[in-house]
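# Understanding the architecture of this molecule
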Amino acid sequence: MTIIKFITPRSLGLVVFGVLAVLPAFANNYWLFVGNLTLVYIVLTVGLNLLIGYSGLLAFMNGILFGVGAYATAIFRVDFSLSYGLAIPLAAVFTMVIGVIVALPALRLSGLYLALATVAFAQFILWVLLHWDQVTRGPSGIQVPPVNYAPLTDTFENGHYYLTLVVAFIIVWLTVNLLRSHYGRAFVAVRESEVAAESIGIDLTRYKTLAYAVSALYAGLAGGLFAPLLGIVVPESFDLSQVIVQFAMVTVGGLGSIAGSVIGAIGLVWLQESLRAFKELQEVAFGGMILLTILFFPGGVSAMLKKWLPSWREPLRRRLLDHHEHD
Amino acid sequence: MLPYLLTSGLTSGALYALVAIGLVVVYRSTGHINFAHGEFFMIGGFFAYSMITMLGFPYLLSLVLAVPLSFCLGAVCDRAVFRPLMKAPGTTIVLATVGLSYLLKGVGRYVWGGKGEYISIKSIVDPAPFLVWGMPVLPQQLIVFGAAMLCMLGFFAFFRWTIAGKMMQATAESAFASYLAGIRVERVYTLTWGVGAAVAGVAAVLMAPLTLLTPDIGSGLLIKAFAATILGGLGSMSGALVGGLLVGLCESLIGGYIDSSLQEVAAFIIIMIVLVFRPSGLFGAYGVRRA
């Protein structure tokens, strides 16, 4: 029983990434793809959790910004013939700039306006992807050529998997450290009480925008990793259900828990893959999971782990229901 | 061209206003935006459809019955989802309504057909257009428009002169103070969610003969209703009506004179312009001070 003492968010994370690192040795191409998709979603959910879970901002942008990142990478690769190593960071920064410009007017106002404005923006970008034929090629999408990882590994699948693994690991590590810094504390302070945060000298708009920008950057980065993985980017991958799937991952994993986001991404990517053929079942499952988690397991998986494991400590976890839990 | 665009713009605008009024009713009482409102609309429409085609009820009866059924749907959602979350912070509730909307969309798709399958309801009245001051008007358009006005007036009277309406406003102002004054806040909320869904049902029943019902109809409509509420000022009933009509008119004029595919983005452009230049909306926002 002593092993229980060593299960912490950090050690569990290291074990998960260790398992994911050896996955290519015994997985076939399909499971390698699922593993790769999981890593992309880990980047996405960590960014979304930073926004909803830690900063308390509810925005519907991450689904469509994921798409903007994927499209930007594809366009930089195909039309500007940039190398993949240059296209990804450019696309991520581009995505961040787009996201911040749109959210800036709403970030000055109360949280509801951000939610409303970003829902509309998500629909708008989806429309642009469908109708701006010269650039986005409309509904048929853009073919993305595979990346050549020749000197490092022989196959694209392995190479791309390890690139995504390294990026996801760095993102998780960076985010954990960011949240330990005074920026992270400021995000949580803004979430808990805007008035109190302001009274101790935290500039609300500045920190909200910062959290938002980091989240958008991650979404763009995830899009850049997603584009060559599928080999094609099409608008329908990035409709409103994309962001709802991400909401489900973050909620089920636990708001305000990076470890929870990783667990949520792993579990729900698998569920999504097994329900791929049944759209209505997918909707019922993901919508139902959001509701059931909020109603019956507030805090999600990470809260349950905290209950069972004495060593599981996450002081910045978000309380979903004020009167239920006390950390 | 212009008369036609004006009538069609006003009709869809009246529909957006009706949907927006449902949103505003819930917002004014609970302080939350219901992201599942579009799905309440969709399911309300399918209630009417089921009674007509599956149970063989006469038109008017099914249309009238669909409204109380929608009320029950809203009240059940309140008891199951929102009452346990009464003390939860706003983002949790929004997240819950998002989950509910996705769940309801899946249920709608499972029960009433596959993706992209359109189901139309036959019109109650003669579908032939007639001329009003030289403008071609569909009778159904007039009914939608008239019903939106009636709902608006009804709610105005309800909030102004009835005890229940005043209780709703009191709970929006402060749930805690309302408790102290002896108001059963839970019951007011159940009533509110029910009324919100019933308004969505009214809108669906009126609009179904003019458009086609699909399980995906909710989200697009919801965004237009958002544009209407933000344009009118979040929480303002008359603002929602005027905002809805303006959104409908803008859409139809942009679609007619610039490009028909631009119709879909008019709502977003309106939201952005309002947020940048006049965040409190045309009629002063009821909600900005909640910031």
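Calculation rules
- Residues numbered from 1 in each chain as written.
- Chains lettered and ligands numbered in written order.
- Predicted model: local features only at pLDDT ≥ 70, side-chain atom pairs only at ≥ 80, totals over all residues.
- Heavy atoms only, no water.
- Helix = DSSP H or I, 4+ residues; strand = E, 2+ residues; numbered from the N terminus.
- Rg over C-alpha atoms; globule rule 2.2 N^0.38 Å.
- Buried < 20%, exposed > 50% of the residue type's maximum accessible area, 1.4 Å probe, protein only.
- Contact = heavy atoms within 4.5 Å.
- Areas by Shrake-Rupley, 256 points an atom, 1.4 Å probe, with all protein chains shown as cover.
- Lys, Arg positive; Asp, Glu negative; His and termini not counted.
- Charge placed at Lys NZ, Arg CZ, Asp CG, Glu CD.
- Phe/Tyr/Trp six-rings, centres within 6.5 Å; stacked < 30°, edge-to-face > 60°.
- Salt bridge = Lys/Arg side-chain N within 4 Å of Asp/Glu carboxyl O.
- Axes fitted to C-alpha atoms, helices over the stretch in contact; angles between N-to-C directions.
- Parallel < 35°, antiparallel > 145°, perpendicular 65-115°, else oblique.
- Nonpolar A, V, L, I, M, F, W, Y, C, P; charged D, E, K, R; others polar.
- pLDDT = per-residue confidence, 0-100.
- Expected span 1.5 Å × (residues − 1).
- Polar contact = N/O pair within 3.5 Å; in protein donor to acceptor, adjacent residues only side chain to side chain.

## Notes on the overall build of chain A
Across its full length, chain A holds 14 helices and two strands. Relative to the 2.2 N^0.38 estimate, which gives 20 Å for 327 residues, the radius of gyration of chain A is 19 Å and therefore close to what a compact globule would have. If you line up chain A on its principal axes, its C-alpha atoms span 50 × 50 × 40 Å. The proportion of buried residues among the 327 residues of chain A is 58%. Taking as baseline every contact in chain A between residues at least 6 positions apart, the subset at least 24 positions apart corresponds to 76%.

## Structural notes on the overall build of chain B
Looking only at helices and strands, one finds 11 helices and two strands in chain B. Taken against the 2.2 N^0.38 rule, which gives 19 Å for 291 residues, the C-alpha radius of gyration of chain B at 19 Å falls within 12% of a compact globule. Taken along the three principal axes of its C-alpha coordinates, chain B extends 55 × 50 × 35 Å. In chain B, which comprises 291 residues, the share counted as buried stands at 57%. Relative to all contacts within chain B whose residues are 6 or more apart in sequence, the contacts with residues 24 or more apart total 74%. For chain B, the exposed surface amounts to about 11,600 Å²; the carbon and sulfur share of it is 70%. Within chain B, the 10 negative side-chain charges are centred at a point lying 13 Å from the centre of the 16 positive side-chain charges.

## A word on the packing of aromatic side chains
For the structure shown, the criterion picks out 25 aromatic pairs over all chains. Taken together, a centroid distance of 6.4 Å and an interplanar angle of 70 degrees make the contact between Tyr-71 of chain A and Phe-238 of chain A edge-to-face. Residue Tyr-71 of chain A is located in helix α3 (residues 62–78), and its partner Phe-238 of chain A is located in the loop between β2 (232–233) and α11 (240–253); the two are separated by 167 residues in the primary sequence. Neither residue differs from the other here; Tyr-71 of chain A and Phe-238 of chain A are each classed as buried. Judged by centre distance (6.2 Å) and plane angle (85 degrees), the rings of Phe-46 of chain B and Tyr-49 of chain B are edge-to-face.

## Quick look at the pattern of salt bridges
This model, assessed by the stated rule, comprises seven salt bridges over all chains. A salt bridge links Glu-283 of chain A to Arg-109 of chain B; the shortest N-O distance between them is 2.7 Å. Taken together, the residues span two chains, with Glu-283 of chain A in helix α13 (residues 279–296) and Arg-109 of chain B in helix α4 (residues 90–112). Each of Glu-283 of chain A together with Arg-109 and Asp-216 of chain B takes part in salt bridges that share partners, so that together they form one network.

## A word on the packing of helix α1 (residues 9–26) of chain A against helix α7 (residues 156–180) of chain A
All names here are of chain A. Across the interface, α1 lies against α7 with an axial gap of 9 Å and an inter-helix angle of 170 degrees. With respect to α7, the axis of α1 lies roughly antiparallel. Of the residues in α7, those in contact with Arg-10, Leu-14, Phe-17, Leu-20, Ala-21, Leu-23 and Pro-24 of α1 are Asn-158, Tyr-161, Tyr-162, Leu-165, Ala-168, Phe-169, Val-172 and Arg-180. Taken together, the residues that form the contact of α1 with α7 break down as 12 nonpolar, one polar and two charged.

## Quick look at the side chain of Thr-175 of chain A
Structurally, Thr-175 of chain A is set in helix α7. With near-sequence residues (within four places) excluded, Thr-175 of chain A lies in contact with Val-46, Leu-50, Tyr-218 and Ile-258 of chain A.

## A word on the confidence of the model for chain B
All names here are of chain B. Mean pLDDT over chain B: 82, with 91% of residues reaching 70 or higher. Note on residues 287–291: pLDDT under 50 across the span, and 12 contacts to partners over four residues away in sequence or across chains. In the predicted complex, the global pTM is 0.88; the interface-specific ipTM is 0.86.

## Structural notes on helix α10 (residues 204–230) of chain A
In a regular helix each residue adds 1.5 Å, so 27 residues correspond to 39 Å; α10 of chain A covers 39 Å between its end C-alpha atoms and thus fits that length. Downstream of α10 of chain A by one or two residues, Gly-231 of chain A has phi in the positive range, about 85 degrees.

## What to know about the side chain of Thr-209 of chain A
All names here are of chain A. As for its position among the elements, Thr-209 is in helix α10. Of note is the side chain of Thr-209, whose polar atom sits 2.5 Å from the backbone oxygen of Thr-205. The residues contacting Thr-209, other than those within four sequence positions of it, are Val-100, Leu-104 and Leu-107.

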